Amino acid sequence: MADRSSAEHQLWLRRFHQPAPGAPRLLCLPHAGGSASFYFPVSKALSPAVDVLTVQYPGRQDRRLEPPAESVQELAQGVFRALDERDGTPLALFGHSMGAMIGFELARLLEAAGRPPAVFFVSGRRGPSVERAENVHQGDDARLIEEVTRLDGTDAALLQDEEMLRMILPALRADYRVVETYQRTPGPRLSCPFVVLTGDADPRVAPDEAQTWSQETDGPFELHVYPGAHFYLVAQQQAVLDRIRTTLRRLVPGTRAAV
């Protein structure tokens, strides 16, 4: 069991900087088409006071030869198995866009196992109660590239490189399929605090749609709206980091004042 857990940990999770002993943990889940390295700046800024772990989904970078996941729930289960159930270190979650959906399902798994997150940071995603018919994953490559360009989440130079596109598009399409076919299954409300972050010009998430995450928890709820579109958190990096620091100091036991 320990060997399997260790193997799953190495497969799914990345740690870019070593934490201080006893540091609380922040688990970061990327967006559709994203990889663990998207959160390298977060790790650099918060370490060593916070143990920043980032998730690497199958089908990209060093996992590019693996088949992509078929559902949000499958991805959440993979991350859940990678977390050591014996580790009592306080765990916070941060998920952006698709990562927010995976984080939600992961939080449900953790609560069911008696290990609720200390706080769940939801970024750039409407609440699961807001249903919307979307079918980008069913379109051709040009449609997929158009959508990614509109959201401004991928380096434009990569989208002009045919070789890179051949590497990127399969995982990106699989991620969009996972997002667009997601269905929330019935279940109890969570108990952990929710801190929801969104951009005021996000074409995929209106502030009132972000507010609907309040329906998913009985814990404290906050909504913070920043200038910017879907990837507001890149331009507003310092403000988002400050929000994370402030929240961790307030809600997560053991967080050092220096974070």
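See above for the structure.
Residues numbered from 1 in each chain as written. Predicted model: local features only at pLDDT ≥ 70, side-chain atom pairs only at ≥ 80, totals over all residues. Heavy atoms only, no water.

Draft legend 1. A look at the side chain of His96. Looking at the element boundaries, His96 is found in strand E4 (residues 91-96). Using a relative accessible area of 0% as the deciding quantity, one classes His96 as buried. (Helix = DSSP H or I, 4+ residues; strand = E, 2+ residues; numbered from the N terminus. Buried < 20%, exposed > 50% of the residue type's maximum accessible area, 1.4 Å probe, protein only.)

Draft legend 2. Up close: helix H4 (residues 98-112). With 15 residues, H4 extends 22 Å from end C-alpha to end C-alpha; this agrees with the ideal 21 Å at 1.5 Å per step. In terms of burial, H4 is largely enclosed, as 12 of its 15 residues are buried. Regarding H4, the residues found buried are Met98, Gly99, Ala100, Met101, Ile102, Gly103, Phe104, Glu105, Leu106, Ala107, Arg108 and Leu110. (Expected span 1.5 Å × (residues − 1).)

Draft legend 3. Spotlight on the environment of Val55. If you trace the backbone, Val55 turns up in strand E3 (residues 51-55). The exposure class assigned to Val55 is buried, which follows from its relative accessible area of 0%. Setting aside chain neighbours within four positions, we find Val55 in contact with Trp12, Leu13, Leu27, Cys28, Leu29, Pro30, Ser35, Ala36 and Val79. (Contact = heavy atoms within 4.5 Å.)

Draft legend 4. The packing of aromatic side chains, seen in detail. Tallying each qualifying case throughout the model produces 10 aromatic pairs. Between Phe120 and Phe194, the aromatic rings sit 5.2 Å apart at their centres with planes inclined by 80°, giving edge-to-face as the arrangement. Of this pair, Phe120 sits in strand E5 (residues 119-123) while Phe194 sits in strand E6 (residues 194-199); the two residues are 74 residues apart in sequence, bridging distant segments of the chain. Look at Phe120 and you get buried, because its relative accessible area is 0%. Through successive ring pairs, a cluster of aromatic residues spans Phe38, Tyr39, Phe94, Phe121 and Phe231. Sitting over the face of the ring of Trp12, Arg63 holds its NZ or CZ atom 4.4 Å from the ring centroid. (Phe/Tyr/Trp six-rings, centres within 6.5 Å; stacked < 30°, edge-to-face > 60°. Lys NZ or Arg CZ within 6 Å of the ring centre and 35° of its normal.)

From the geometry alone we can't say anything about function, so treat these as descriptive.
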